[in-house]
Number of protein chains: 2
Amino acid sequence: MGKIPANREQAKPSVEGKGPAKAGGRPRKYDPEATRANILAVAMEEFAENGLSGARIDEIAAKTRTSKRMIYYYFGDKQGLYRHVLEAAYQRVRLGEEALELDHLPPAEALRRLVEFTFTHHSKTPEFIRLVMIENIHHGAYLRESEVIRTLNAGVIAHIGRVYAAGCEAGVFRAGLEPIEIHWLISALAFFNVSNRATFAQIFDWDRLQEDGQGALMAQVVDIVLRFVLEPSAVQASCDEAHLSETV
Amino acid sequence: MGKIPANREQAKPSVEGKGPAKAGGRPRKYDPEATRANILAVAMEEFAENGLSGARIDEIAAKTRTSKRMIYYYFGDKQGLYRHVLEAAYQRVRLGEEALELDHLPPAEALRRLVEFTFTHHSKTPEFIRLVMIENIHHGAYLRESEVIRTLNAGVIAHIGRVYAAGCEAGVFRAGLEPIEIHWLISALAFFNVSNRATFAQIFDWDRLQEDGQGALMAQVVDIVLRFVLEPSAVQASCDEAHLSETV
DNA sequence: CAGATTTTGTACGAACCGGTTAATTTTTGT
DNA sequence: ACAAAAATTAACCGGTTCGTACAAAATCTG
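## Considering the domain arrangement of chain A
Residue and element names in this part refer to chain A.
Then comes step 1: Domain boundaries assigned for chain A yield domain 1 (1-13 + 29-76) and domain 2 (83-242).
Then comes step 2: Using only C-alpha atoms to locate each centre, domain 1 and domain 2 end up separated by 31 Å.
Then comes step 3: Each partner contributes to the interface: domain 1 provides 9 residues, whereas domain 2 provides 9 residues.
Then comes step 4: When residues in the side of domain 1 that touches domain 2 are grouped by element, the largest group, 8 residues, is from helix α1 (residues 32-54).

Listed below in structure tokens is the structure:
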């Protein structure tokens, strides 16, 4: 019977040292890691493109370098596959986010960097955005199952919290905000830019939604966030220095 | 053959005066208007809940007070039904938007009203948001077909344009912005609040995403928009008057 | 080498699902 | 009143699609 092999996460204690891993160069015939990864990559594309109900298992199998049988062997069923795809996508994003080294920068600059990172990341990774959209259509039912994801995201808030505290200390950020408010704002703008590009562009055909205009839109998003967080007097100053409003 | 009846819009010249319409009180057995509307309403719910590929024609038919055959009779096929649902949804929204009488208000107040209207509308009409999300998943392919929608939305920009011009004239809005930039910002925040509520709440459980917190979140969105549009000095002034920053 | 794991391949079944055929009832035009 | 057109009903069909059963082989691990 198509039994799912024992918990993958725990069944991999051979930490790239004992068993002949792929790093060794030896071209192994049976490479479960690679097979799994391959299925996951293909599935990610298909789910992101067609949604959970729209994606076809046979189609995914065909684009894999292995067979349909293996999908069920490793992931149980369609929903299991989807859940793993979702987890993998979130994991990938949050890793990049944590790699940012913002703590040594002046607060306003750090915030700008964070916004720019988020904006460009989302802009260049529409598959992730689409997966999250799809998951929201499903009321976050599959995300709810995943313990992994929730823990990952606590870090983001802490990260922003440090930057914000430093900015308040320095007197350039206005007091009374919560880190999650700032995160929500940044997410909303960076996300919407990708998630609603199709319909928005269809209705208004705005040049900033095109490839060439994305830079200008990013600058504007930075502008919006800074005007929200900065002390009004600091905004005034920034305008004079033309740090802001380079979108005109 | 399941032919679609001649263009509905033109096939209704009996302007509620000649043929025995439903207003007449006579309980007619065959009521195409009502049948069509009933199908459309049920379909809207089903598509919004399950997406285009997720929705089931049989399910829609079952929840209708008529039969599956009628769906095909009036809308041709699944995609045709979906397209009509989408159009109806957009139409409904834009009507409310144009009913706002903003031109006689002071600019900042008018802008606040517009933001509040958009925010509450979206917050209370998640089906519309979900339909737009779904349409974006499909790359706006069905919206592209609809001539109707594009023309409707030109009005929104003009509306904001008038308010913005008045604000600049009065010296409370900073110059150099485009109406569409403001519209994009408002849309993004009001939309994201609903579209990503499921996943965002799952990850962070933030009280402002709950029913009770929506008012506070709306105030904050108003705050964000005004800080973006207002002349920095006006922001300063507004803060002193505590018109803004009531979110703390 | 033995036992477990990974892989292949096919064929199938059973439910599901979008769409149709055909016949019936009501309305409408004249 | 009557024929044509429009609205409606019910049973039906063929293709799709998820998932499995079965049979077997290749490879890794201890």
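## Focus on the relation of the copies chain A and chain B
For the pair of chain copies, the relating transformation is a rotation about an axis with a translation along it.
Then comes step 1: After a rotation of 180 degrees and a shift along the axis of 0.0 Å, chain A superposes on chain B with an RMSD of 0.2 Å. Such a combination of turn and shift is consistent with a two-fold rotation axis.
Then comes step 2: Most of the interface of chain A is mirrored in chain B, where 100% of its interface residues again form contacts.

## Structural notes on the interface of chain A and chain B
Then comes step 1: Chain A puts 42 residues into the contact, and the matching count from chain B is 42 residues.
Then comes step 2: Counting residues per element, the ones that place at least two in the side of chain A that touches chain B are α1, α6 (126-137), α7 (141-145), α8 (147-170), α9 (179-195), α10 (197-204), α11 (214-229) and α12 (232-240) of chain A.
Then comes step 3: Broken down by element, the side of chain A that touches chain B gets its largest block of residues, 8 residues, from α9(A).
Then comes step 4: Among the residues forming the side of chain A that touches chain B, the class breakdown is 22 nonpolar, 14 polar and 6 charged.

## Looking at the environment of Q236(B)
Residues and elements named next belong to chain B.
Then comes step 1: By secondary structure assignment, the location of Q236 is in helix α12 (residues 232-240).
Then comes step 2: We classify Q236 as partly exposed; it has 16 C-beta atoms within 10 Å.
Then comes step 3: C-alpha separation for the pair Q236 and S67, spaced 169 residues apart in sequence, amounts to 62 Å.

## Things to note about the environment of G215(A)
Residue and element names in this part refer to chain A.
Then comes step 1: Among the secondary structure elements, G215 is positioned in helix α11.
Then comes step 2: Looking at G215, the number of C-beta atoms within 10 Å reads 14, which means it is partly exposed.
Then comes step 3: Measuring from C-alpha to C-alpha, the distance between G215 and E116 comes to 9.6 Å, with 99 residues separating the pair along the chain.

## Comments concerning α9(A)
Then comes step 1: Between its first and last C-alpha, α9(A) extends 23 Å over 17 residues, near the 24 Å set by a 1.5 Å rise per residue.
Then comes step 2: With 14 of 17 residues buried, α9(A) lies mostly within the body of the structure.

## So, the environment of E97(B)
Then comes step 1: Tracing the backbone through its elements, the reader meets E97(B) in helix α4 (residues 78-99).
Then comes step 2: In the structure, E97(B) is positioned 56 residues away from N153(B) in sequence and 10.0 Å away in space, judged by C-alpha atoms.

## Re the nonpolar core
Across soluble globular proteins, you tend to see nonpolar side chains buried next to one another.
Then comes step 1: Core analysis: the largest hydrophobic core is formed by 126 residues, its most contacted members being F47(A), V221(A), V225(A), F47(B), V85(B), V221(B) and V225(B).
Then comes step 2: Residues within four places of V225(A) in sequence aside, it is in contact with L111(A), V115(A), L185(A) and I186(A).

## Observations regarding the confidence of the model for chain A
It should be kept in mind that the predicted coordinates are not to be read in detail where pLDDT is low.
Then comes step 1: Summing up the model confidence of chain A, the mean pLDDT is 86 and the portion of residues at 70 or higher is 85%.
Then comes step 2: Residue range residues 1-26 of chain A is modelled with pLDDT below 50. Its contacts to residues more than four positions away, or to other chains, number 14 contacts.

## Considering unusual backbone geometry
All names here are of chain A.
Then comes step 1: Of note in the backbone geometry, D205 takes a positive phi value of approximately 25 degrees without being a glycine.
Then comes step 2: Within the element layout of this structure, D205 appears in the loop between α10 and α11.
Then comes step 3: The class for D205 is exposed, based on 10 C-beta atoms found within 10 Å.

The rules behind the values
Residues numbered from 1 in each chain as written. Chains lettered and ligands numbered in written order. Predicted model: local features only at pLDDT ≥ 70, side-chain atom pairs only at ≥ 80, totals over all residues. Domains from an automatic or database assignment. Contact = placed C-beta atoms within 7 Å. Helix = DSSP H or I, 4+ residues; strand = E, 2+ residues; numbered from the N terminus. Least-squares fit on C-alpha atoms with pLDDT ≥ 70 in both. Nonpolar A, V, L, I, M, F, W, Y, C, P; charged D, E, K, R; others polar. Buried ≥ 20, exposed ≤ 12 C-beta atoms within 10 Å, placed from the backbone. Expected span 1.5 Å × (residues − 1). Core = buried A, V, L, I, M, F, W, Y, C linked by C-beta atoms within 7 Å. pLDDT = per-residue confidence, 0-100.

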